[in-house]
Structure formats: structure tokens, C-alpha cells
Amino acid sequence: MSAHRVWRFDSDIDTDVLAPGAYMKLPVEAIAPHCLESVRPEFAAGVRPGDVVAAGPNFGIGSSREQAAAVLVHLGLRAVIAPSFSGLFFRNAFNLGLLLLTAPEAQTLREGEPITLDLQALRITSADGRILTCAPVPGFLLDMVAAGGLLNQLRKKMEPKP
Amino acid sequence: MTPTAPPPRTLAQKLIARAAGKQRVAVGEIVNCKVDLAMFHDSSGPRRLKPMLDALGATIWDKSKVVLVMDHYVPEQDDDARRIVRIARDWAREQQLPHVYDSIGICHVVLPQKGHIRPGMFCVGGDSHSPTGGAFGAYMFGIGSTEMLGVMVTGELWVRVPQTLRMHWRNRLCAGLSAKDMALHMIARFGMNGADYQAVEFCGSAVQALSMAERMTLSNMSAEMGAQAGLIAPDQTTLDWLASCGGADAPTGQWHSDDGAESIEHAFDAAALAPQVAAPHSPANTRSVQDYAGVRVDVAYIGACTGAKLDDLRAAAQVLRGRRAAAGVRLLVAPASAQDQQAAQDEGVLQVLLDAGAELLSTGCGACAGYGGVMPAGANVVSTTARNFQGRMGPASTQVYLASPYTVAASALRGSISDPREVLA
């Protein structure tokens, strides 16, 4: 169990809002300050490691650019909670070690409220004690998050055996 | 005793089963698939893959199955673009990649024009519009760079066997309408994520009547519905394309959904469809053209993999022949590939567009990729591209309307969003 502060966003948050095209030539650390700036200019500067984003349906729609997930990892986000995600963004997030939780009631979470995450049971507890259940996540994807992403998993696999 | 017939399967199930080396796969099952082809471009590819491959000390599993297309940052506009494209060129040389296409067009168009996509294949692309390959009866979808790294190292990746949503289009499109109108209409009906990462299959007489280029537009924009793949069963039209680009004989017989295969069917009447326009800032924000008729147009953009292939340029020329764009409208044309541009020139189509006042831009992703911020602030743009997110093709104040090449041309002609059927009549 761990505690996390919520940032609330609307539905249809797209990849171009997460990683704006004008900065796509730059490395992830230079895109990160512009993450979500067109909808919440204070987000990138205000987010603290361990915070979570709770949003409406269709989070991450649009481009295949994985910088859209990489900037959230770079900013230290613990998880994104939404009723639904773009399938392509979903794959990218887990490949980069970012946990996505599919929770139908994600939008009942409030801006700034502290929530707790139970990763064993995939359950969210809101500040007022409500329990939000999340759709199951395949074990191999949870392993990917625990490893910090696919690159780390491949690195481990390719290490010479002692 | 007669042997029991095997249960019917969808095209998606057949394609995934083959790649997974299984007799059959069930919807919802997660399987590992062997990749027949992996495509990436200058933005998603070398600049991100090279450092990760170097860090792992890994090599590419099979270079003959890799295609690199330089299309996003070419021609190079600044030092950052020059750096990114140089990384791609240097790495292609260093790796001795056998299939590299530099500045000859947009990846989703170049790939089939060079005969790389054939029915039955399982392919991935480092770009969200990779479902374009589905127009050829291949299972193709977009992945990010880290996942592409996994493919480069192992030649495999996982997939959850999707349900199939069959989009059945009966009758035929009327004159002045195109696959773009069909795509926008479906996106409006189902929403940007309505396909929930399942497979979409386009079928019916209106789909069968489409050229390969038009089918590619449909498959491409299945991404805008949130589908993983956008499939079309191959037929004689497919075989004719493959023959024309030197593709080997491709058996098409088995690559279709069996009768009775479990799927969700949605019916559409192509003959009843009016030209469609997606207003800012979402492709799902689509209505019939008359709902937006009269909106002032500052820029008319004919470009992108879904809007500037030869068939699209012909459509625009049909509207603009012998006419000129309205005063005050910038008409921009960025052909989807060098091959399309050459063909348009040979046919006289390009001259029609130039005579109408068009400015010819380089082939490539251009303004559509949204990396340049090309469109002016506050401008109303009507565009043949696939995506009109806020801030994508220009500053946040730029208003982008998506439409077919017929509608974009008609709107350029009149200086406001217009129904092309009125102009063609």
C-alpha cells in the first residue's frame, strides 16, 4: 500500500497534449516541462514523484510517440488511472514501466486528494475510504512495471550468465 | 461419417494464428507472434533505437525484415532535424540495412508502393497509422520505440487476439465522395477510441469498389477509431496492385473471414453518405459538410498519407480543373510520395493543381506530422490529413477541419467550406 496525490484531467487527453509536436525533436527531459501544458500549464512544474493522474476515458489517444508516456515516467508519476486508454498508449506505458489502471470510476477521484494503491489487489482507496476496483492487468505487464520497463528486462535477459 | 468442419474464424484470427504458429487462437487470448516486417521512420526509428541497441550490445534479429523510411523530418528545416536525419542515414549505412527509402514519400505509402506488404503477413510499424497495411490483408499495427527495440532484438511481440468489428458498406459512394468521407463518418459514429483496440474489418460492395489507395485511407484511419488493425480481405484489386509493384505472387484464398465467424457487424449505406467534415479539434467531431458550409478558409492543405496519394490528387484536380482557388486562400499540395507526384505529373493532374494556384510542397509528412508548426496562428485550415488535434499542425489557435480531397478542393475554390457535389454538378 502506498499513498499518492491526485491530478485530475478530463477525457480524451491525447499524445500531442502529453508530448507536443513542437518539442518532439528534443530529448524526453526537454519535452517533459511541456507535458500537458496546453490544458494545465502548472502540471509539469508542480507534479511530485509518486503523484498519480486520474482522467476521463480515452487517455493517450493519437500518435505512437512513446514520449507521451516517457514524459510521465520522467516526471515521476506513479500511475495513470482512467476508465479507458488508447491501446497503443497502453502498450507504450507498460513498455516504459508506467502503470496504467483501468478504473470505471476514475473520474470520481478529486483534484489533490490523497489516495492509496494496493497493487496486489489492484484496488484504489479514495481519501474518504471508497474502494475503486481496477480491471485485471496481465502478470507479465505488472512484471514489466516492476522491472522498470522492457529495456531493463531485455538487459537482464542478455546479461551473460555467471 | 463426414468430418466436422472446423469452426469459422475471422481474418484477424487467421493472421494472428499464422504468426503465432498455432492452428487457432481465441478472442482474448494473449499470444506471441513472429514479426514478418518491422517498419520505422526517422522520428521513431534510429534516433531512439540506436542508443538502446548500443546499451544492450544487441544486434537486429533479421535486417531483411526491417524497412526504414525517412519522411518526418525531411526536407530538414533546422539543425535539430538535420541531426535526427543524419543519425538515421549514418545508422542505416553502419547497419547496412537493405531497405531504406530516403525522402521519397510517406512510410505508409512507400511501403506498399515498394511491394513490402502482402496478404497474410504480420507487421509492425513505428507509427500510429501503421494499420494502413491492413488494406492488403496483412495484420499491421503501430508500436512505440521501446517495443520496436524488443522486436529488433527478438523478432517477436505479444498480442491479445482481438474481437472483429465488421464495417459493412453496401451500395456505392456517390460522385464527389471518397474513402476519407467513410472514415470520418465511422470515427464520428464510434468515437476516437470506440473500437477499443479491437480489429476492424471493412467489407461490402462499396469497399470492394475502392482502389487500393482508397482502401489504404480506410485502414489508416482505423487508428483514429482506436482499432489495433484495420483489415480488408484481399481480392483481384489487391493482386493487381501487387503485380504492378513487382510483388511476388501472393495467395489470397484463405485471407478472409469465414462465413459465420463471430464478429460484431455494423451496417452503412455508402450511397446515402454526404461529404463529411471534422471540425476542430478531433476527427470524431464530424458532421455532414452542410453543417459547416460557409466557414471561411485561409489555407487548403492537400497532403498526408490519407490525402495526397495519386487518387486524392486526381480527386482534387477533378474539382479544380480550369478553375482557380479563391483570392486569399493558400492552396498547398504535398504529394504523399515521389511516385504519386510523378504519376500526377505524367497525367497532367499536377498541372491542373498548379494552374489552380497550388503551391507544391515536398513529399513527406510535412504539416501533418505536426513537428513543424507550419500553419499560421488563428488560421482556418481545411485539410486532407488524418488528425486535427489542437496544436498539432500549428499553434493552439489554428483551426483545422478535416475533409476529403474533393471537399478541400471545393473549399479552396470558394474560399469557404463547400460541398464538392455543387462544384462538380
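Each helix and strand counted, chain B has 14 helices and 18 strands in total. Looking at chain B as a whole, 60% of its 425 residues are labelled buried. Expressed as a percentage of contacts within chain B between residues at least 6 apart in sequence, the contacts between residues at least 24 apart total 78%.

Here the focus is the interface of chain A and chain B. Each partner contributes residues to the interface: chain A has 31 residues there, and chain B has 36 residues. Broken down by secondary-structure element, the contributors of at least two residues to the side of chain A that touches chain B are α5 (87-95) and α7 (150-158) of chain A. Along the lines of polarity and charge, the residues of the side of chain A that touches chain B split into 12 nonpolar, 12 polar and seven charged.

Turning to the domain arrangement of chain B, a few remarks are in order. Residues and elements named next belong to chain B. In terms of domains, chain B is made up of domain 1 (11-249 + 256-268) and domain 2 (275-424). On a C-alpha basis, the centres of domain 1 and domain 2 stand 24 Å from each other. At the interface, 35 residues of domain 1 touch 36 residues of domain 2. Elements supplying a minimum of two residues to the side of domain 1 that touches domain 2: α4 (107-113), α6 (179-190) and α8 (212-221). When residues of the side of domain 1 that touches domain 2 are assigned to their parent elements, the largest contribution, six residues, is made by α6.

Backbone-to-backbone hydrogen bonds pair the strands of a sheet. The strands run either parallel or antiparallel. Residue and element names in this part refer to chain B. Spatially, four strands are ordered β10-β9-β8-β11 in an open sheet, and the strand pairing comes out parallel. Strand pairing shows two members of the sheet lacking a second neighbour, β10 (229-231) and β11 (264-269), which therefore form its edges. Each neighbouring strand pair of the sheet contributes to a mean axis angle of 20°, computed without reference to strand direction. Of the pairings in the sheet, the one linking strand β8 (residues 164-170) to β11 comprises six bridges and is parallel in character. Each bridged residue has a counterpart across the sheet, and for R166 the counterpart in β11 is E265. Strands β8, β9 (199-203) and β10 of the sheet are contacted by helix α1 (residues 11-20), whose axis makes an angle of about 115° with β10.

In this section: the environment of B:Y301. Residue and element names in this part refer to chain B. Along the chain, Y301 turns up in strand β14 (residues 299-303). Through-space distance from the C-alpha of Y301 to that of I143 is 28 Å; in sequence the pair is 158 residues apart. Those residues in contact with Y301, other than ones at most four positions away along the chain, are L332, A367, V381, S383, T384 and T385.

Calculation criteria
The residue numbering used here restarts from 1 in each chain and proceeds along that chain's sequence as written. Throughout, the order in which chains and ligands are written sets their labels, letters from A for the former and numbers from 1 for the latter. Given that this is a predicted model, residues contribute local features only at a pLDDT of at least 70 and side-chain atom pairs are listed and counted only at 80 or more, while totals for whole chains, interfaces and linings are drawn from all residues. What counts as a helix is a DSSP run of H or I of at least four residues, what counts as a strand is a run of E of at least two, and both are numbered from the N terminus. Remark: C-beta atoms are placed from the backbone, and a residue is labelled buried if 20 or more other C-beta atoms sit within 10 Å of its own, exposed if 12 or fewer do, or partly exposed between those counts. Here contacts are defined at the residue level, using C-beta atoms placed from the backbone and a cut-off of 7 Å between them. Polar here means any residue other than Ala, Val, Leu, Ile, Met, Phe, Trp, Tyr, Cys and Pro, which are nonpolar, and Asp, Glu, Lys and Arg, which are charged; Gly is therefore polar. The source of the domain bounds is an automatic or database domain assignment. Between any two strands, at least two bridges found by DSSP are needed for them to pair. Lines fitted to C-alpha atoms define the axes here, with helix axes fitted over just the stretch in contact, and angles between the N-to-C directions of these axes take values from 0 to 180 degrees.

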